[in-house]
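Here are the chains, one letter per residue:
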Amino acid sequence: MAELLFIAVALLLGLSALAGALGVSLLGGKFLEGAARQPELVPLLRSQFFIVVGLVDAIPMIGVGMALYMLFAG
Amino acid sequence: MLEKPEESGLNLAGVRSRVQGSQGKVVAQAFAKVLLIQVFITSALSLALIFKDFVAAYSAFIGGMLYLIPTAYFTLKVQFKNNAHTAKEILANVYMSQFGKMVLAIALFSLTFMMVEPLNPLSLFVTFILMQISGWYLQFKLNNRFLKR
């Protein structure tokens, strides 16, 4: 049973990390693309980039929290 | 002798960013407003629960803080202590701040589950998820410029 718990925690943490990394890297790529295409819009893109980065990691954070709870409480 | 783009305040293509200051100020104010509203929601939820169940009340407060402390760190690093001008610098700054936020969140979650006893996990996670959802909603509502473009 303990092995299954560790596998579940590893999956939760791993998938959370993967999702967060994918989201933020896609966003960063689009930001660079936009900045290269229209450099005069960098300040605007920068502000919107900050906002969306803050939103992207919400689900991964919940996943990390659940995984740590399972690890420590289990 | 030509000065470096970073020193002269020029961005990636050498265009002076005149609107950067005002734009940054507006977003910083929106971030601060969102954080204040979330602190208020956490406190109100904890106070409401304190009369019903003390453990649930402090678990709800901890859940709110587990969201607010890493988010405040990220906002501070990205919005207020940020001297990045070029796109490359901005990207590096956001990635490092995001990494710091995740590490802080993991450390705080681990500390909570190891040191706080007894704990009401339902109350903690409900508050934590509520904070995430309120963060989405408030950002979209307060940054109406974000929706229009």
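Residues numbered from 1 in each chain as written. Chains lettered and ligands numbered in written order. Predicted model: local features only at pLDDT ≥ 70, side-chain atom pairs only at ≥ 80, totals over all residues. Heavy atoms only, no water.

Digging into the overall build of chain B
Along chain B, the regular secondary structure elements total six helices and zero strands. Going from the N terminus to the C terminus, chain B shows its helices and strands as α-α-α-α-α-α. With 149 residues in all, chain B has 43% of them scored as buried. A separation threshold of at least 6 residues defines the contact pool for chain B, and within that pool the share at least 24 residues apart is 72%. Carbon and sulfur atoms form 70% of the exposed surface of chain B, whose accessible area is close to 8600 Å². (Helix = DSSP H or I, 4+ residues; strand = E, 2+ residues; numbered from the N terminus. Buried < 20%, exposed > 50% of the residue type's maximum accessible area, 1.4 Å probe, protein only. Contact = heavy atoms within 4.5 Å. Areas by Shrake-Rupley, 256 points an atom, 1.4 Å probe, with all protein chains shown as cover.)

Notes on the UniProt feature "transmembrane region" (unreviewed entry) in chain A
Taken from the UniProt record, the annotation "transmembrane region" (unreviewed entry) applies to residues 47–72 of chain A. Between the end C-alpha atoms of residues 47–72 of chain A there is a gap of 38 Å, over a span that is 96% helix and 0% strand. (UniProt positions renumbered as here; feature names shortened; annotations may be inferred.)

Concerning the UniProt feature "transmembrane region" (unreviewed entry) in chain B
Residue and element names in this part refer to chain B. This chain's UniProt record puts "transmembrane region" (unreviewed entry) on residues 26–51, 57–78, 99–116 and 122–140. Taken end to end, residues 57–78 is 100% helix and 0% strand, and its two terminal C-alpha atoms sit 32 Å from one another. The straight-line gap between the two end C-alpha atoms of residues 99–116 is 25 Å; of that span, 94% is helix and 0% is strand.

Considerations on unusual backbone geometry
What is expected of a backbone is that most residues other than glycine have negative phi and most peptide bonds are trans. The step from E117 of chain B to P118 of chain B runs through a cis peptide bond, and the omega angle for that step is 0°. Position of P118 of chain B among the secondary structure elements: in the loop between helix 4 (87–115) and helix 5 (121–142).

Some details on the UniProt feature "domain: V-ATPase proteolipid subunit C-like" (unreviewed entry) in chain A
Using the residue numbers shown here, the UniProt feature "domain: V-ATPase proteolipid subunit C-like" (unreviewed entry) corresponds to residues 7–70 of chain A. As a span, residues 7–70 of chain A carries 92% helix and 0% strand, and end to end its C-alpha atoms are 11 Å apart.

Topic: the confidence of the model for chain B
Residues and elements named next belong to chain B. With 79% of its residues at a pLDDT of at least 70, chain B reaches an overall mean of 80. The secondary structure element of chain B with the lowest average pLDDT is helix 1 (residues 5–8), at 44, and the one with the highest is helix 3 (residues 54–80), at 91. Under a pLDDT of 50 for its full length, residues 1–19 has, in the predicted model, 23 contacts with residues more than four places off or in other chains. Interface confidence for the predicted complex, expressed as ipTM, amounts to 0.85; the pTM equals 0.81. (pLDDT = per-residue confidence, 0-100.)

So, the interface of chain B and chain A
Contacts between the two partners involve 44 residues from chain B and, on the opposite side, 33 residues from chain A. A combined buried area of about 3600 Å² lies between chain B and chain A, and 80% of that area is made up of carbon and sulfur atoms. Inspection of the region where chain B meets chain A yields one salt bridge. Here K101 of chain B ties to D57 of chain A by a salt bridge, and the two come within 3.0 Å at their closest N and O atoms. Summed over the shared surface of chain B and chain A, the number is three residue pairs in polar contact (both at pLDDT 80 or more). Secondary structure elements with two or more residues in the side of chain B that touches chain A: helix 2 (20–50), helix 3, helix 4, helix 5 and helix 6 (144–148) of chain B. Examining the composition of the side of chain B that touches chain A, we find that 15 residues originate from one element, helix 4 of chain B, more than from any other. For the side of chain B that touches chain A, the per-class residue count stands at 27 nonpolar, 13 polar and four charged. (Buried area = accessible area lost by both parts, 1.4 Å probe. Salt bridge = Lys/Arg side-chain N within 4 Å of Asp/Glu carboxyl O. Polar contact = N/O pair within 3.5 Å; in protein donor to acceptor, adjacent residues only side chain to side chain. Nonpolar A, V, L, I, M, F, W, Y, C, P; charged D, E, K, R; others polar.)

Observations regarding a nonpolar patch on the surface
Taken together, the side chains of M1, L4, I7, L11, L15, L18 and L22 of chain A present a nonpolar region at the surface, about 800 Å² in accessible area. Looking at where I7 of chain A falls in the secondary structure, it is placed in helix 1 (residues 2–37). (Patch = residues over 30% accessible without salt bridge, like charges linked within 9 Å, V, L, I, M, F, W, Y side chains within 5 Å.)

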